[in-house]
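Letter by letter, the chains look like this.
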Amino acid sequence: MEGAAGGSFSDDQFWEVCMELQRFQLVGANWELMVETQGICVYRRLDEQTGLYEYKVYGVLGNCLPDVLADVYMDVDYRKQWDEYIEELYELEYNGDTVVYWQVKYPFPMYNRDYVYIRQRRDLDLDGWKIHVILAQSTSVPQIAERSGVIRVNQYKQSLAIESDGKKGSKVFMYYFDNPGGLIPSWLINWVAKGSVPVFLNDMANACQMYKRRT
């Protein structure tokens with residue numbers, strides 16, 4: 001999952017995520033439903049190498065238009081206003097790619113985690129239907145060195161696809177894997193993920209309402 005910046009995502013990677021949204025909740029083999037809440041279903045599958053789970057999330061976020069949801073997800077300055085777990089977040093350009101630095105607050109006595117990842121967005125056309133697809137994957141760049149007292153997450157991958165639900169909301173697919181490292185038991189990481197993914201999506205949907213008034 002880790003590699004030097006400069007390798008952009010392929011067309012196939014964007015279309016693969018787009019098609020996951022079209023196969024809504026057809027998750028495939030070895031995926032188990034972990035939680036269903038507020039219109040959001042979270043599935044998981046064990047990554048045997050790390051002992052952690054990768055996640056697929058499907059849901060409908062009512063009263064949140066797809067264009068606005070995609071813009072909110074991409075807007076790092078705005079995210080610092082609505083995401084209480086951010087310690088630091090910014091973007092820079094490296095070798096033609098947009099690279100994001102993201103430091104997440106962890107509760108005492110654990111160290112904060114930080115991420116360095118490439119992120120790209122494309123708005124695809126599927127038979128006249130607009131699909132927003134955003135891909136992110138961990139990387140390393142010389143300008144962002146590891147910091148004392150913060151643990152660098154070197155295995156991170158996230159993808160997001162958004163389309164209209166046919167009304168005033170958005171239908172969403174998200175894939176997520178993250179290995180935060182350090183001395184955190186895998187059961188605790190997986191327990192946190194179970195609750196945090198739906199909360200994040202709902203927080204983002206709420207942020208969309210403020211974003212519309214802001215722009």
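Presented here is an overview of the structure given in this document. All values derive from a computational prediction rather than experimental measurement.

## Considerations on empty space enclosed by the protein
One pass over the full model with this rule turns up 1 cavity of 30 Å³ or more. In this model, the largest cavity occupies a volume close to 30 Å³. In terms of lining, the largest cavity is formed by Tyr73, Asp75, Val76, Arg79, Leu89, Tyr117 and Arg119. When residues of the lining of the largest cavity are traced back to their parent elements, those giving at least two are helix H3 (76–82) and strand S6 (112–126). Its residues assigned to classes, the lining of the largest cavity comprises 4 nonpolar, no polar and 3 charged.

## Details of the nonpolar core
Grouped together as the largest cluster of nonpolar side chains are 41 residues, with contacts concentrated most on Val42, Leu69, Val72, Trp102, Tyr115, Tyr156 and Met204. At 8 residues, the largest contribution of residues to this core is made by helix H4 (residues 186–214). The residues contacting Trp102, other than those within four sequence positions of it, are Arg79, Ile86, Glu88, Leu89, Arg113, Asp114, Tyr115, Tyr117 and Tyr156. Membership of the second largest hydrophobic core comes to 21 residues, among which are Val17, Tyr43, Tyr58 and Ile131.

## With respect to the pairing of strand S7 (residues 129–138)
Within S7, 7 of the 10 residues are buried, which leaves the element mostly enclosed by the surrounding structure. The pairing of S6 with S7 spans 10 bridges and is classified as antiparallel. The partner of Arg122 across the bridge, within S7, is Val133. As judged from the 6 bridges shared by S7 and strand S9 (residues 155–164), these two strands associate in the antiparallel manner. Pairing of Ile134 across the sheet is with Leu160, part of S9.

## Some points on unusual backbone geometry
Of note, the phi angle at Asn63 is positive, near 60 degrees, even though the residue is not glycine. The residue Asn63 is located in the loop between strand S3 (52–61) and helix H2 (66–74) in this model. Phi is positive for Asn95, close to 55 degrees, though the residue is something other than glycine. Its location among the elements puts Asn95 in the loop between strand S4 (86–94) and strand S5 (97–104). Here Asn95 falls in the exposed class, since its relative accessible area comes to 55%.

## As for the side chain of Arg119
Within the secondary structure, Arg119 is located in strand S6. A relative accessible area of 4% places Arg119 in the buried class. At 3.1 Å, the side chain of Arg119 forms a polar contact with the backbone oxygen of Tyr73. In terms of polar contacts, Arg119 uses its side chain to reach the backbone carbonyl oxygen of Met74, at 2.8 Å. With sequence-adjacent residues up to four places away left out, Arg119 is seen in contact with Tyr73, Met74, Val76, Glu91, Thr98, Val100, Ile134, Leu135 and Ala136.

## Looking at the side chain of His132
Tracing the sequence through the fold places His132 in strand S7. Engagement of the side chain of His132 in a polar contact is seen with the side chain of Asp123, the distance being 2.8 Å. Not counting residues up to four positions away in its chain, the partners in contact with His132 are Pro66, Asp67, Ala70, Arg121, Arg122, Asp123, Leu160, Ala161 and Ile162.

## A word on the environment of Leu135
One can find Leu135 in strand S7. What makes Leu135 buried here is its relative accessible area of 5%. A C-alpha to C-alpha distance of 8.6 Å links Leu135 and Val17, two positions 118 residues apart in sequence. With sequence-adjacent residues up to four places away left out, Leu135 is seen in contact with Phe9, Gln13, Phe14, Val17, Ile118, Arg119, Gln120, Gln158 and Ser159.

## Considering the environment of Leu52
When you line up the elements, Leu52 lands in strand S3. Residue class for Leu52 comes out buried when judged on its relative accessible area of 3%.

## Considering the packing of aromatic side chains
Tallied over the entire structure, the rule returns 12 aromatic pairs. Geometrically, the ring pair formed by Phe9 and Phe14 is edge-to-face, given 6.3 Å between the ring centres and 90 degrees between the ring planes. Here Phe9 falls in the buried class, since its relative accessible area comes to 9%. Centre to centre, the rings of Trp82 and Phe200 are 5.9 Å apart; their planes meet at 35 degrees, and the pair counts as tilted.

Thresholds, definitions, all that
- Residues numbered from 1 in each chain as written.
- Predicted model: local features only at pLDDT ≥ 70, side-chain atom pairs only at ≥ 80, totals over all residues.
- Heavy atoms only, no water.
- 1 Å grid on protein atoms, 1.4 Å probe; cavity = no way out; pocket = protein on both sides within 12 Å on 5 of 7 lines; lining within 4 Å.
- Points joined across faces, edges and corners; volume = space filled by probe spheres on them.
- Helix = DSSP H or I, 4+ residues; strand = E, 2+ residues; numbered from the N terminus.
- Nonpolar A, V, L, I, M, F, W, Y, C, P; charged D, E, K, R; others polar.
- Core = buried A, V, L, I, M, F, W, Y, C linked by side-chain atoms within 4.5 Å.
- Buried < 20%, exposed > 50% of the residue type's maximum accessible area, 1.4 Å probe, protein only.
- Contact = heavy atoms within 4.5 Å.
- Pairing = 2+ DSSP bridges.
- Polar contact = N/O pair within 3.5 Å; in protein donor to acceptor, adjacent residues only side chain to side chain.
- Phe/Tyr/Trp six-rings, centres within 6.5 Å; stacked < 30°, edge-to-face > 60°.

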